[in-house]
Amino acid sequence: QVQLVESGGGLVQVGGSLRLSCAASGSIFTINAMGWYRQAPGKQRELVATITSGVSTNYAESVKGRFTISRDNAKNTVYLQMNSLKPEDTAVYYCNADGLLLRLHPFGSWGQGTQVTVSS
């Protein structure tokens, strides 16, 4: 009932930048937290960054100072600006959101993922 569509992934050289976007649509009453997670080959999915409706943010230690998460509540969209990219940032990046549907039922949804590849 809530769809998350990511965009902005791709291939970039070490030290480059990318900006990911994730737009939520559906029978949404309100979105609480939105976030980005990533999964590299052979590894577990890990948190990258989250942002609450009150724009409080949380980052993984490995991306602090390089990545910035933001959101546009009017567009139900979350962004991830990634700078100074490293080969270890290579992964599939997934968007996540939780909140309430129009009937005030809680929801939690994942996007389909977008590939980020950092080449050296």
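Shown above is the structure to which this text applies.
Please read all numbers here as calculations on a predicted model, not as lab measurements. (Residues numbered from 1 in each chain as written. Predicted model: local features only at pLDDT ≥ 70, side-chain atom pairs only at ≥ 80, totals over all residues. Heavy atoms only, no water.)

**Student:** Honestly, the pattern of salt bridges in this entry has me stumped. Any pointers?
**Tutor:** A complete count under the given rule lists 4 salt bridges for this structure. Residues D89 and R38 are paired through a salt bridge, measuring 3.0 Å at the closest nitrogen-oxygen approach. Of this pair, D89 sits in the loop between β8 (77–82) and β9 (91–101) while R38 sits in strand β4 (residues 28–39), and the two are 51 residues apart along the sequence. When the shortest N-O distance is used, the salt bridge between D89 and R66 registers 2.8 Å. Taken together, the positions of D89 in the loop between β8 and β9 and R66 in the loop between β6 (57–59) and β7 (67–72) put the pair 23 residues apart, joining distant regions of the chain. Comparing D89 with R66, the two get one shared label, buried. (Salt bridge = Lys/Arg side-chain N within 4 Å of Asp/Glu carboxyl O. Helix = DSSP H or I, 4+ residues; strand = E, 2+ residues; numbered from the N terminus. Buried < 20%, exposed > 50% of the residue type's maximum accessible area, 1.4 Å probe, protein only.)

**Student:** Just to check I follow, could you spell out the pairing of strand β5 (residues 46–51) for this structure?
**Tutor:** On a regular strand, one side chain projects to one face of the sheet and the next to the other, so that they alternate. As paired elements, β4 and β5 share 5 bridges and run antiparallel to each other. Opposite M34, over in β5, you have I51 as the bridge partner. Joining the antiparallel neighbours β4 and β5 is a turn of 6 residues, in which G42 adopts a positive phi near 80°. Pairing of β5 with β6, which is carried by 3 bridges, proceeds in the antiparallel orientation. Among the inter-strand pairings, T50 is bridged to a residue of β6, identified as N58. What sits between β5 and β6 in their antiparallel hairpin is a turn of 5 residues, with V55 showing a positive phi close to 60°. (Pairing = 2+ DSSP bridges.)

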